[in-house]
Amino acid sequence: MASPLFFHSSLPPKPRPSVTRTKVNGLPIIKCSSSTFEPSSPAANHHRLATENIREEARRLRLEETAAAGKQFSAKYVPFKAGQDSSESYSLDEVVYRSRSGGLLDVEHDMEALKRFDGEYWRSLFDSRVGKTTWPFGSGVWSKKEWVLPEIDGDDIVSAFEGNTNLFWAERFGKQFLGMNDLWVKHCGISHTGSFKDLGMTVLVSQVNRLRKMNRPIVGVGCASTGDTSAALSAYCAAASIPSIVFLPADRISIAQLVQPISNGAFVLSIDTDFDGCMRLIREVTSELPIYLANSLNSLRLEGQKTAAIEILQQFDWEVPDWVIVPGGNLGNIYAFYKGFKMCHELGLVDRIPRLVCAQSANANPLYQYYKSGWAEFKPLKANSTFASAIQIGDPVSIDRAEYALKNSNGIVEEATEEELMDAMGRADSTGMFICPHTGVALTALIKLRNGGVIGPTDRTVVVSTAHGLKFTQSKVDYHSKKIPELACRFANPPVEVEADFGAVIDVLKKRLLSKSRTQKQ
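These remarks concern the structure in this document. Position numbers for residues start from 1 in each chain and track the written sequence from start to end. Thresholds applied to this predicted model are a pLDDT of at least 70 for local features of residues and 80 or more for the giving and counting of side-chain atom pairs; totals over whole chains, interfaces and linings are not thresholded and use all residues. Only hydrogens and water are set aside when side-chain values are computed; all heavy atoms of the structure are taken into account.

Overview of the overall build of the protein
Link 1 in the chain: Summing up its helical and strand segments, the protein has 18 helices and 14 strands in all.
Link 2 in the chain: By the burial criterion, 58% of the 522 residues in the protein qualify as buried.
Link 3 in the chain: The accessible surface values rely on the Shrake-Rupley method and a 1.4 Å probe; as for residues, cover is taken only from the protein chains in view. Summed over all atoms, the accessible surface of the protein reaches about 22,000 Å², with 51% contributed by carbon and sulfur. A run of H or I in DSSP counts as a helix once it spans at least four residues, and a run of E counts as a strand once it spans at least two, with each numbered from the N terminus. Partly exposed describes any residue whose relative accessible area lies between the buried limit of under 20% and the exposed limit of over 50%, with all areas from a 1.4 Å probe on protein chains only and scaled to the type maximum.

Here is the structure:
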C-alpha cells in the first residue's frame, strides 16, 4: 500500500509481493514471493543511539544502501547528445559547465551497471524508502541516490528532505471546466523553499560541499535568478555554511521571493537589467572568480529535478500518465522530466513515457515560436513583463535540451497570454487550489489542448505546479481587486463592504446565496 505521503484519491491499492533481502555483488537485493508487501528499510531493524543524530547513525551502521551502490554505480559529464564515438568526458569532481566546443553538458550514468538490476528491484527499493527518516533517504531526491549522484558520500549531502511532494486529484477543476475525470496536479511548490528548485539545489550544493572538503578553490556559489533559484540556493548554502551570491533583476520579482535569499544570508545584488542580463553577468563573473555557477547551465541540478518525474510514476503505482504539462522558462525542467521518465523506461520500471507539453508565457515565448516554425530556426527574444515572472526569459540556456525532450516524447509547446494565465489561476483557486501564475500558464495550455481535442476527457494528465501560490500573493490581490487595467479579471472575487447592521448583512447574504443557488442549478 502506498505511503501516506503519496495519496491516491481514485487509485485502488494494488497487491504487492512480499520481499526477502539478499545481496548480489555487494548490493542489497529485494526478492519477491507472495501477494502481500511490507517494505523494509535501512532503519527497520535497529534503533538510533540516544547520542547520535541521523547522519551519525547512517555513518556508524553503514546501512545506507548507497555505501555498496556507490562502488558499483558511477556518473560523469559528457557533451549533450554526444555520440557513441565521443571520447570527451569529465569527472563530476571537475568544475566544468560546457563542452570543449562550447555546448551543453549532460550527466551520463553507467546504464549497464544499473541494468544489472531489473525494474522490479528498483521499484521496490525506491518504494521502501518513502516516508523514512533514515539519512539521506527521507529526501525524495536522495531516495533515488543511485540514479542521481551515486558516488557522493552521505556525509557530504546537504538536504532538507525535499521532494515527496503532493500529487493531488484536481477533481472539481477537471470536471467543471474541462470535462475530465483524471486530472492531477503535482505540487512541487510544497517544498522547503516553496518551489521545485529545491530538487536540483540539494544535488548541486551537496556536490559543492564535497568539492570544498576536497580543498577545491571554491569560495562560494552564485546564480542569476528570477526568484526561486536564489531562494533555494541561499537556503541550502546556509545549511552547509557555504557563501551564496545572488544576481537579481531589479524590481522584477515578488517581495516574497526577494526576502528569502536575504533572510538566508545571501549576498544579493539587485541589478538594473532582466534575467538574461543577470545570466550573462554571472557567467562572466564565475569565469573570473572561484564562484561555482548554480544556474541550470550546470547539469547537476537537472539530476535532482528529474526525480519529480520518477516520483509521479511512483505515486501512480508505476503506471504512466498520458500527459505531463510543465511551465517553461530557462527550459531545464522540461528536459529533467524527460530524463526521469526515460531512465525509468530504459531500466524497465515502466513500458513507455508520457507525452510532454511545455507551456510558456506569450510575453516570453521563444520556445513556442521555435516549435511553431517547425523547429526551423531558434530566435532569442527580449522577454516582456509577465505575471509568471520566473519564466520571463527570452534566451533560455536549455533550448537544445528542451527541443530534444519534446521531439523524443512527441511533445507539444503551448503559450498563455496574461489574461489567460491569470484567469486560469483564478478559476483554479476557486476550486480549492492556491496556485502560482506559472501553474496558470500550464493550466492554460491544458485548457487549449483539451478544447482542441488533443487531450481527451479520460486521458490521465498531470500539471506540474512549480511554486507555491503564497509567493505571488500581490498578483492575486491585484486580480481580485480588479487593479490590473488591461485585464477583465473575469473570475475576481473582491470583498463586499457592508454596514455593521444585522439587516444589511442579511440582505447581502440572501442575495449572494440566491445567486449561487441559481448558478448551480444552471
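A word on the state of the cysteines
Link 1 in the chain: The definition used for a disulfide is geometric: two cysteine sulfur atoms within 2.5 Å. Tallied over the full model, the rule gives 0 disulfides.
Link 2 in the chain: Take Cys 223: it sits in no disulfide, and the sulfur closest to it among the cysteines is that of Cys 237, at 8.7 Å.
Link 3 in the chain: Classification of Cys 223 by relative accessible area gives buried; the value is 0%.

Quick look at the packing of helix 15 (residues 418–430) against helix 17 (residues 473–480)
Link 1 in the chain: A fitted line through C-alpha atoms represents every axis, and for helices the fit uses only the stretch in contact; the resulting angles, taken between N-to-C directions, go from 0 to 180 degrees. It is the contact of helix 15 with helix 17, at a shortest axis distance of 11 Å, that shows an interaxial angle of 90°. Here helix 15 lies roughly perpendicular to helix 17, going by the angle between them. Contact residues: Met 422, Asp 423, Met 425, Gly 426 and Asp 429 in helix 15; Ser 475, Lys 476 and Tyr 479 in helix 17.
Link 2 in the chain: Of the residues assigned to the contact of helix 15 with helix 17, the class counts are 3 nonpolar, 2 polar and 3 charged. If an angle is under 35 degrees, it is roughly parallel; if it is over 145, roughly antiparallel; if it lies from 65 to 115, roughly perpendicular; otherwise it is oblique. Any two residues whose heavy atoms approach within 4.5 Å are treated as being in contact. The classification used treats Ala, Val, Leu, Ile, Met, Phe, Trp, Tyr, Cys and Pro as nonpolar, Asp, Glu, Lys and Arg as charged, and all other residues, Gly among them, as polar.

Some words on the packing of helix 6 (residues 197–213) against helix 7 (residues 228–239)
Link 1 in the chain: The interhelical angle for the contact between helix 6 and helix 7, taken along N-to-C directions, is 40°, at an axis separation of 9 Å. Relative to helix 7, the element helix 6 lies oblique. Judged by the sense of rotation from one axis to the other, the crossing of helix 6 with helix 7 is right-handed. Only Asp 228, Thr 229, Ala 232, Leu 233, Tyr 236 and Cys 237 of helix 7 make contact with helix 6, whose side of the interface consists of Lys 197, Asp 198, Met 201, Thr 202 and Val 205.
Link 2 in the chain: Broken down by class, the residue content of the contact of helix 6 with helix 7 amounts to 6 nonpolar, 2 polar and 3 charged. Note: crossing handedness is left-handed where the near helix turns anticlockwise from the far helix by less than a right angle, and right-handed where it turns clockwise.

Let's talk about helix 7
Link 1 in the chain: In this model, helix 7 (12 residues) spans 17 Å end to end at C-alpha, consistent with the 16 Å of a helix rising 1.5 Å per residue.
Link 2 in the chain: Listed as buried for helix 7 are Asp 228, Thr 229, Ser 230, Ala 231, Ala 232, Leu 233, Ser 234, Ala 235, Tyr 236 and Cys 237.
Link 3 in the chain: Tucked inside the fold, the buried residues of helix 7 contact helix 6, strand 7 (220–224), strand 8 (244–249), helix 8 (255–263) and helix 10 (300–305). Helix span is expected to be 1.5 Å times the residue number reduced by one.

Some thoughts on the nonpolar core
Link 1 in the chain: Residues Trp 122, Trp 147, Val 205 and Tyr 292 are the most contacted members of the largest nonpolar core, which totals 106 residues.
Link 2 in the chain: Considering every element that reaches this core, the biggest residue donor is helix 12 (residues 332–346), with 8 residues.
Link 3 in the chain: In plain words, nonpolar cores are sets of buried Ala, Val, Leu, Ile, Met, Phe, Trp, Tyr and Cys residues tied together by side-chain atoms within 4.5 Å. Phe 173, Tyr 479, Ile 484 and Leu 487 belong to the second-largest nonpolar core, a separate cluster that totals 35 residues.

Notes on the packing of aromatic side chains
Link 1 in the chain: Working definition: rings of Phe, Tyr and Trp (its six-membered ring) pair if their centres are within 6.5 Å, and the pair is stacked with planes under 30 degrees apart, edge-to-face with planes over 60 apart, and tilted otherwise. For the coordinates displayed, the defined rule picks out 21 aromatic pairs.
Link 2 in the chain: Ring geometry for Phe 80 against Tyr 404: centres 5.6 Å apart, planes inclined by 75°, an arrangement best described as edge-to-face. One end of the pair, Phe 80, is in the loop between strand 3 (75–79) and strand 4 (105–109); the other, Tyr 404, is in helix 14 (residues 399–407), with 324 residues separating them in the sequence.
Link 3 in the chain: On the basis of relative accessibility, which here comes to 29%, the residue Tyr 404 falls in the partly exposed class.
Link 4 in the chain: Ring geometry for Phe 117 and Trp 122: centres 6.1 Å apart, planes at 80°, overall edge-to-face. Each member of the pair, Phe 117 together with Trp 122, is buried.
Link 5 in the chain: Cluster of aromatic residues (ring-pair linked, three or more members): Phe 73, Phe 117, Tyr 121, Trp 122, Phe 126 and Trp 147.
Link 6 in the chain: Residue placement shows Arg 427 over the ring face of Phe 177; its charged tip is 5.0 Å from the ring centre.
Link 7 in the chain: Of note, Lys 476 hangs over the ring of Phe 434, and the distance from its end group to the ring centre comes to 4.3 Å. Only Lys NZ and Arg CZ are tested; either one counts as a charge over a ring when it is within 6 Å of the ring centre and within 35 degrees of the ring normal.

A look at a nonpolar patch on the surface
Link 1 in the chain: The patch calculation keeps residues exceeding 30% relative accessible area without a salt bridge and links them within 9 Å when they carry like charges or within 5 Å when they are nonpolar (Val, Leu, Ile, Met, Phe, Trp, Tyr). Here, a salt bridge means any side-chain nitrogen of Lys or Arg that lies within 4 Å of a carboxyl oxygen of Asp or Glu. On the surface, Val 496, Val 498, Val 505, Val 508, Leu 509 and Leu 513 cluster together into a nonpolar patch covering about 490 Å² of accessible area.
Link 2 in the chain: Its place among the elements puts Val 496 in the loop between helix 17 and helix 18 (502–521).

Re the sheet that holds strand 11 (residues 323–327)
Link 1 in the chain: When DSSP finds two or more bridges between a pair of strands, those strands are recorded as paired. The strand order across the open sheet formed by 6 strands is 5-6-14-11-12-13, and the pairing between neighbours is mixed. In the strand order of this sheet, the two ends are held by strand 5 (167–169) and strand 13 (412–416), each with one partner. Geometrically, the sheet is characterised by an average inter-axis angle of 25° between neighbouring strands, direction not taken into account.
Link 2 in the chain: Bridge count between strand 11 and strand 12 (residues 355–361): 5 bridges; the pairing is parallel. Note on strand 12: the bridge partner recorded for Val 324 is Leu 356.
Link 3 in the chain: Helix 11 (residues 307–315) contacts strand 5, strand 6 (183–187) and strand 14 (461–465) of the sheet and is inclined by roughly 135° relative to strand 6.

So, the pattern of salt bridges
Link 1 in the chain: Tallying each qualifying case throughout the model produces 21 salt bridges.
Link 2 in the chain: One salt bridge in this structure joins Asp 228 and Lys 471, with 2.7 Å as the shortest N-O distance. Taken as a pair, Asp 228 in helix 7 and Lys 471 in the loop between strand 14 and helix 17 lie far apart in primary sequence, 243 residues in all. The same class applies to Asp 228 and to Lys 471, which are both buried.
Link 3 in the chain: In the salt-bridge network here, residues are joined through shared partners; they are Asp 106, Glu 303, Lys 306 and Lys 339.

Quick notes on the sheet that holds strand 10 (residues 291–293)
Link 1 in the chain: Taken together, the 4 strands give an open sheet; going across it, the order is 9-8-7-10, and neighbouring strands pair in parallel fashion. In the strand order of this sheet, the two ends are held by strand 9 (267–271) and strand 10, each with one partner. Adjacent strand axes in the sheet meet at a mean angle of 25° when their direction is disregarded.
Link 2 in the chain: Looking at chain direction, strand 7 and strand 8 are connected through 4 bridges and run parallel. Note on strand 8: the bridge partner recorded for Val 221 is Ser 244.
Link 3 in the chain: Contacting strand 7 and strand 10, helix 6 crosses the sheet at an angle of about 150° to strand 10.
Link 4 in the chain: Packing against the sheet, helix 7 makes contact with strand 7 and strand 8, and its axis sits at approximately 170° to strand 7.

Quick notes on the pairing of strand 7
Link 1 in the chain: Of all 5 residues making up strand 7, 5 are buried, and the element is well covered by its neighbours.
Link 2 in the chain: The sheet contact formed by strand 7 and strand 10 spans 3 bridges and is parallel. Each bridged residue has a counterpart across the sheet, and for Val 221 the counterpart in strand 10 is Tyr 292.

Notes on the environment of Phe 196
Link 1 in the chain: Considering the arrangement of structural elements, one finds Phe 196 in the loop between strand 6 and helix 6.
Link 2 in the chain: Given the relative accessible area of 11%, Phe 196 is considered buried.
Link 3 in the chain: Separated by 271 residues in the primary sequence, Phe 196 and Ala 467 place their C-alpha atoms 6.4 Å from one another.
Link 4 in the chain: Residues in contact with Phe 196, not counting those within four places in the same chain, are Cys 188, Gln 305, Asn 333 and Thr 466.

These figures come from the coordinates and say nothing about function on their own.
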